[in-house]
Amino acid sequence: MSRRSSESPASDLEGSEQGDPLRPSDHVDGVAADGGSASGEIVNPKLGPIGWMRWAWRQLTSMRNALVLLLLLAIAAVPGSIVPQRSADPNGVTQYFSSNPDLAPILDKLQLFDVYTSAWFSAIYILLFVSLIGCVIPRTSHHWKALRARPPRTPARLVRLDDYRETRVEIPQGADAAAEASRAVDLAAQQLKRGGYRIERYDGRGGFSVSAERGYWRETGNLLFHGALVGVLIAVGVGGGFTYTGQRVVVQGTSFVNALTDYSSFNPGRFVNAENLTPYTLTLDKFDITYQPIGSSAPGQAGDFVAHLTTQQVGGEATDGDVRVNHPLDIAGDNIYLLGNGYAPTVTIRNAAGVVVFHDSVPFLPQDTNMTSLGVIKVPDGMPEQLGLVGFFYPTQAKLDSGAFTSAYPDLVNPSLTLNVYAGDLGINDGTPRSVYTLDPTGMTQLTGGTTGVDSIELTPGQTTNLPNGLGTVTFENESPSTATGYEQSVKRFVSLSIHRDAAGPWVLVFALIALGGLLLALFVPRRRMWVKAVVDGTAVRIEYAGLARGEDPTLKAAVDALADKHGAAFDTPGA
Amino acid sequence: MVRMPSLDSISVLLLWTAIAIYALAFIAYAIDLARRSALALDEQDAVLVRERELVGVGARSGVDSVAQMRAEARAAEASVTGPRSARSRLVYARVGTSLTWLGLLFHIGADVTRGIAAGRVPWSNMYEFALTGTMLIVAVYLVVLFKYDLRFLGSFITGLVMLLLGGTALRFYTEIVPLSDPLKSVWLVIHVFVASLATALFALAFALSVLQLMQARRERKVIAAEERAASADGDVAVSMKPARLAFLRTLPGSESLESLAYRFAIIGFIFWTFTLIAGSIWANDAWGRYWGFDTKEVWTFVIWVLYAGYIHARATRGWRGTRSAWLSIIGFAAVMFNFTIVNMFFKGLHVYSGLQ
Ligand code: HEM
């Protein structure tokens, strides 16, 4: 059951090491190097600089070092699952800072909010991969030679191997014993060859023998696996440079052009030329979503999201394309993902003279699963003072016990828009970038709601009401087609799209699959040697069968037995 | 009017039946282990009696000889890995195995009815993962029995599954709700199923590694005792505690246990590697990136690296044996941690436990 090779008397197996896979010196199959330096316990103090470097390199490429680095990597990855990470959860980090103001800066110093790009995490995996490359290169060249080497000479005393069988076959009177012995080995050689072994005859010294070896794929697989891991790392590192992701909110009926200026956020890799994006356009025709009905097991649960887009490339036809969760849309090598969705109420504002000073569908950001949504409307021009309106949209308005409104269901059953009006300076004239989703009320006066004594504005689709102080009117447009009855289509939807170009992904996948294939070979192909030897012994031929595992090989004994049985049967059949 | 019970409540009923049957199987297997202990002790007594007659009273009484231990281990190994006809006839182990098969039938019933009631594969929330995952643990164990006689792991397997299932039924039960969009993917079927298979194999490897450690400890003691007995004068009796864990004498030696554990661990590792790759492909479809160090991704990676470490350790001088066994144990602890604590308490994108 156990691996037998390590217990075998190596001295008896002359030359058996020549074709073996090369292993770091502290591999269990390895021979302990003199002075114990292989295991790193004893250091020779009289090493010169070159000696030291060699020693350090030996340490770095040892099995033990690989193992320790692997374990360190596992441990080092854990904190990133406990402390929020800037890459995966930036809001979590902000929250962490506000709830642990003393601890957070210390953790930040230790790069615990950026574990996977931290100096210490990088150090571990870079060392691991240096070790990996240092380990794999010599093994590859050694294996390359081994692939063309012949199986080694048959050991003198096969009987000393653990997996050994022996039979005596009496030779009929008058037959040539030596010829029979030779025939036995011929037969064995044929059988082994058919079994996928590479064979070599070693006759002489009163015996005939064949030495056979198989399972070179085991080492090939191991090298493929380790090499492919390097491939994964390089693909991630280099491919990441050519990768970009960007986000953009698109309201129903409007378009997006794939150009830097049209993105609301854009993260290019190092080698991306952001001025040179493929200029296709996307138009959101319609967004479909279903909600589980009230009374079902999960009322209000949203699903079956589909964004129906029209896409057009320069000089190309307009084509329809859908974006669903799990099914991104591929256009010009970019993938379009559906990141979020919500309502974009259409609002028209007129000044006291009745002139339209604002008309747009404004994306309101969902705040809960019932789509209570928060939005901001900014009117920079056309009014005596700049106006800002902050408010909530409720697709199905309901009143809480406190008197506040909420949404009771995410679909448009009883839509309602409430707005508070601020007048003053929006703070956008000096060119300071401001989020379109927030309003900074400093420098503004609140005109409705709160402590002003004036009621907030409250509108249902199609309604118009007066702004305070005779400023004009505000209308919540009903977007339903004229034939519609209920409210289902009264408010437009928006989707938030994420646009990715992923240069690394396909390569990472290819290398990962090579690694998987290599692993299968490395773990399940048995590498073994077999010997069949025939010696004339008086009136009989003694046939010896022996096997030696090179690495984990639980089926060796069965293989030796099978060979002995099959060969015995064939040899007994005359004329075989 | 009589209301038909819903398919889901039938599923729950089947589940509790399965748990009860597993409990019985656990008891049968536990009795089996106890009887193996008794059997081993009887044999030891018989040997002692023979020795006394041969050598005279007093000499080396109560000491297992190393040679005897090796012989026992070889016999046990032959019975574990040999043909089915060569297996020891262990009545209670047989009862345990039959009950486990019966429990599995009910367990499959519970799983399938849940799937039919939900109209999809029954592994889309924590309750269902647990249901299917434990089912695979039992199934893998029973299938492995065709090849290896690992019935000495029966009490571990049925005990583990009984606890996990009981906890699941009590703590994780969730009403059937429609799948959320990200879960509507073939990768749900493949990724989660393969992950559960890997878990089942890791569980077997874990149990074997634990036994390996116990066995190695016993072997060390026996060897040390014999050395002491040899250096002491002939008639100084070295007492051996009547071993509570005498069933270890009916098991293969620690090296054999180790190589068995290794065999399951590497198959589990292959499945886990596949899980990792399939998960990345799915993440790329659903979230637009194949890897983002989300908590669940981190733990899948940590487990993968731990088992890679275990496989390395087995090939590293000074690490084969006890140290590598600890890595297998730590690896499985991480798998269980990932399944329970990370699912329930860690924040991340994988919020599919369905728990509040
Ligand atoms: C990214 C880091 C690494 C990972 C994930 C890894 C993983 C693995 C795995 C899964 C195996 C078992 C499959 C097989 O035999 O091919 C293995 C085997 C092996 N690895 Fe690595 N490895 C890493 C780095 C290294 C390094 C740095 C070395 C050199 C010191 C190394 C040397 C070996 C050797 C010699 C074997 C064969 C073991 C045997 O004879 O059974 N590995 N590795």
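Small disclaimer: the values here were computed from a predicted structure and weren't measured. (Residues numbered from 1 in each chain as written. Chains lettered and ligands numbered in written order. Predicted model: local features only at pLDDT ≥ 70, side-chain atom pairs only at ≥ 80, totals over all residues. Heavy atoms only, no water.)

A word on the overall build of chain A. For chain A, the count of helices and strands is 10 helices and 26 strands. Computed over the C-alpha atoms, the radius of gyration of chain A is 38 Å, more than 25% above the 25 Å expected from 2.2 N^0.38 for a compact globule of 576 residues. Each of the 576 residues in chain A was classed as buried or not, and the buried ones make up 47%. Element-wise, carbon and sulfur atoms account for 57% of the exposed surface of chain A, whose accessible area totals about 27900 Å². Here chain A contributes 45 positively and 56 negatively charged side chains, and the mean placements of these two sets differ by 14 Å. (Helix = DSSP H or I, 4+ residues; strand = E, 2+ residues; numbered from the N terminus. Rg over C-alpha atoms; globule rule 2.2 N^0.38 Å. Buried < 20%, exposed > 50% of the residue type's maximum accessible area, 1.4 Å probe, protein only. Areas by Shrake-Rupley, 256 points an atom, 1.4 Å probe, with all protein chains shown as cover. Lys, Arg positive; Asp, Glu negative; His and termini not counted. Charge placed at Lys NZ, Arg CZ, Asp CG, Glu CD.)

Each helix and strand in chain B was counted, giving nine helices and zero strands. Tracing chain B from N to C terminus, the helices and strands come up as α-α-α-α-α-α-α-α-α. Within chain B, buried positions represent 59% of all 356 residues. Sequence separation of 24 or more characterises 86% of the internal contacts of chain B that already satisfy a separation of 6 or more. With the model as given, the accessible surface of chain B reaches about 15400 Å², and the carbon-plus-sulfur share is 68%. (Contact = heavy atoms within 4.5 Å.)

Further remarks concern the coordination of the iron atom of the ligand. Taken together, A:His226 (NE2) and B:His312 (NE2) make up the protein donors of the iron atom of the ligand, found 1.9 to 2.0 Å from the metal. Angles of 80 to 178° at the metal separate the six donor atoms of the iron atom of the ligand, which places the site in the octahedral class. Here the residue A:His226 occupies a position in helix 8 (residues 216-241), and B:His312 occupies one in helix 8 (residues 295-314), the pair thus bridging two chains. Across the pair, exposure class does not vary: A:His226 and B:His312 are buried alike. (Donors = N, O, S within 2.8 Å, 3.2 Å for Na, K, Ca; no water. Tetrahedral: all angles 85-135°; square planar, octahedral: opposite > 155°, others 65-115°.)

One face of the sheet, then the other: side chains in a regular strand alternate in exactly this way. Residue and element names in this part refer to chain A. Of all the 11 residues making up strand 11 (residues 334-344), eight are buried; the element is thus mostly covered by neighbouring parts of the structure. Two strands pair when backbone bridges link them, and strand 10 (residues 329-331) and strand 11 are joined in this way by three bridges, in the antiparallel orientation. Within the sheet, the bridge partner assigned to Ile 331 lies in strand 11 and is Asp 334. Where strand 10 folds back on strand 11, the antiparallel hairpin that results is connected by two residues, among which Ala 332 adopts a positive phi of roughly 50°. Here strand 11 runs beside strand 24 (residues 492-501); their pairing, made up of nine bridges, is antiparallel. (Pairing = 2+ DSSP bridges.)

Once that is clear, we can look at the pattern of salt bridges. Residue and element names in this part refer to chain A. If you walk through the whole model with that rule in mind, you get 36 salt bridges over all chains. Notably, a salt bridge pairs Asp 203 with Arg 201, separated by 2.8 Å at the nearest N-O pair. The closest approach of N and O atoms between Asp 537 and Arg 542, which form a salt bridge, is 3.7 Å. (Salt bridge = Lys/Arg side-chain N within 4 Å of Asp/Glu carboxyl O.)

Counting residues at the interface gives 58 residues for chain A, matched by 55 residues for chain B. Both faces considered, chain A and chain B share a buried interface measuring about 4700 Å² in area, 66% of it formed by carbon and sulfur atoms. Taken together, chain A and chain B are joined by three salt bridges. Across the salt bridge formed by A:Glu552 and B:Arg320, the nearest N and O atoms sit 3.9 Å from each other. Along the contact surface separating chain A from chain B lie 18 residue pairs in polar contact (both at pLDDT 80 or more). With 10 residues, the top contributor of residues to the side of chain A that touches chain B is helix 9 (residues 505-524) of chain A. In terms of residue class, the side of chain A that touches chain B is made up of 35 nonpolar, 15 polar and eight charged. (Buried area = accessible area lost by both parts, 1.4 Å probe. Polar contact = N/O pair within 3.5 Å; in protein donor to acceptor, adjacent residues only side chain to side chain. Nonpolar A, V, L, I, M, F, W, Y, C, P; charged D, E, K, R; others polar.)

All right, on to the domain arrangement of chain A then. Domain assignment breaks chain A into domain 1 (1-37), domain 2 (49-141), domain 3 (150-215 + 526-572), domain 4 (244-343 + 497-501) and domain 5 (357-476). For domain 2 of chain A and domain 5 of chain A, the distance between their C-alpha centroids amounts to 48 Å. (Domains from an automatic or database assignment.)

Another point: the site of the ligand. The environment of the ligand is made up of 26 residues, and the closest members are A:His27, A:Cys135, A:Asn222, A:His226 and B:His312. The ligand sits at the junction of chains A and B, each of which supplies nearby residues. Measuring from an oxygen atom of the ligand, one finds a side-chain N or O atom of A:Arg23 at 3.5 Å. The side chain of A:His27 places a nitrogen or oxygen atom 2.7 Å from an oxygen atom of the ligand. Of all elements in the fold, only helix 2 (63-77), helix 6 (119-148), helix 8 and helix 9 of chain A together with helix 8 of chain B reach the threshold of two or more residues within the shell around the ligand. Residue contributions to the shell around the ligand peak at five residues, all from helix 6 of chain A. Here the shell around the ligand is built from residues that sort into 16 nonpolar, seven polar and three charged. Mapping the shell around the ligand onto the domain boundaries places at least three of its residues in each of domain 1 (1-37) and domain 2 (49-141) of chain A. (Near = heavy atom within 4 Å.)

Residue and element names in this part refer to chain B. Within the secondary structure, Ser 324 sits in helix 9 (residues 322-345). On the basis of relative accessible area, Ser 324 is assigned to the buried category, the value being 0%. A polar side-chain atom of Ser 324 sits 3.1 Å from the main-chain carbonyl oxygen of Gly 321.

Before going further, it helps to spend a moment on the packing of helix 4 (residues 126-145) of chain B against helix 5 (residues 154-172) of chain B. Residues and elements named next belong to chain B. Close contact between helix 4 and helix 5 brings their axes to 10 Å; oriented N to C, the two are set at 165°. Comparing their axes, helix 5 and helix 4 come out roughly antiparallel. Judged by the twist between their axes, the crossing of helix 4 over helix 5 is left-handed. Contacts between helix 4 and helix 5 involve Met 126, Tyr 127, Ala 130, Leu 131, Thr 134, Ile 137, Val 138 and Tyr 141 on the former and, on the latter, Gly 154, Ile 157, Leu 160, Val 161, Leu 164, Leu 165, Thr 168, Ala 169 and Phe 172. Among the residues forming the contact of helix 4 with helix 5, the class breakdown is 14 nonpolar, three polar and no charged. (Axes fitted to C-alpha atoms, helices over the stretch in contact; angles between N-to-C directions. Parallel < 35°, antiparallel > 145°, perpendicular 65-115°, else oblique. Left-handed = near helix turned anticlockwise from the far one by under 90°.)

Another aspect to go through is the sheet that holds strand 3 (residues 207-214) of chain A. Residue and element names in this part refer to chain A. Spatially, five strands are ordered 1-26-25-3-2 in an open sheet, and the strand pairing comes out antiparallel. The sheet is open, and its two edges are formed by strand 1 (163-170) and strand 2 (198-201), each paired on a single side. Pairs of neighbouring strands in the sheet enclose a mean axial angle of 15°, with direction left out of account. Both strand 3 and strand 25 (residues 528-537) contribute to a ladder of eight bridges, which runs antiparallel. Bridge pairing in strand 25 links Glu 213 to Arg 529.

With that out of the way, let us pick up helix 2 (residues 66-81) of chain B. Its 16 residues give helix 2 of chain B an end-to-end C-alpha distance of 22 Å, which sits within 8% of 22 Å, the value for a rise of 1.5 Å per residue. Turning to helix 2 of chain B, its buried residues are B:Val66, B:Gln68, B:Met69, B:Glu72, B:Ala73, B:Ala76, B:Glu77, B:Ser79 and B:Val80. (Expected span 1.5 Å × (residues − 1).)

The next thing to look at is the environment of B:Leu170. All names here are of chain B. Along the chain, Leu 170 falls in helix 5. Classification of Leu 170 as exposed rests on a relative accessible area of 67%. Placed 43 residues apart in sequence, Leu 170 and Tyr 127 show a C-alpha to C-alpha distance of 9.7 Å.

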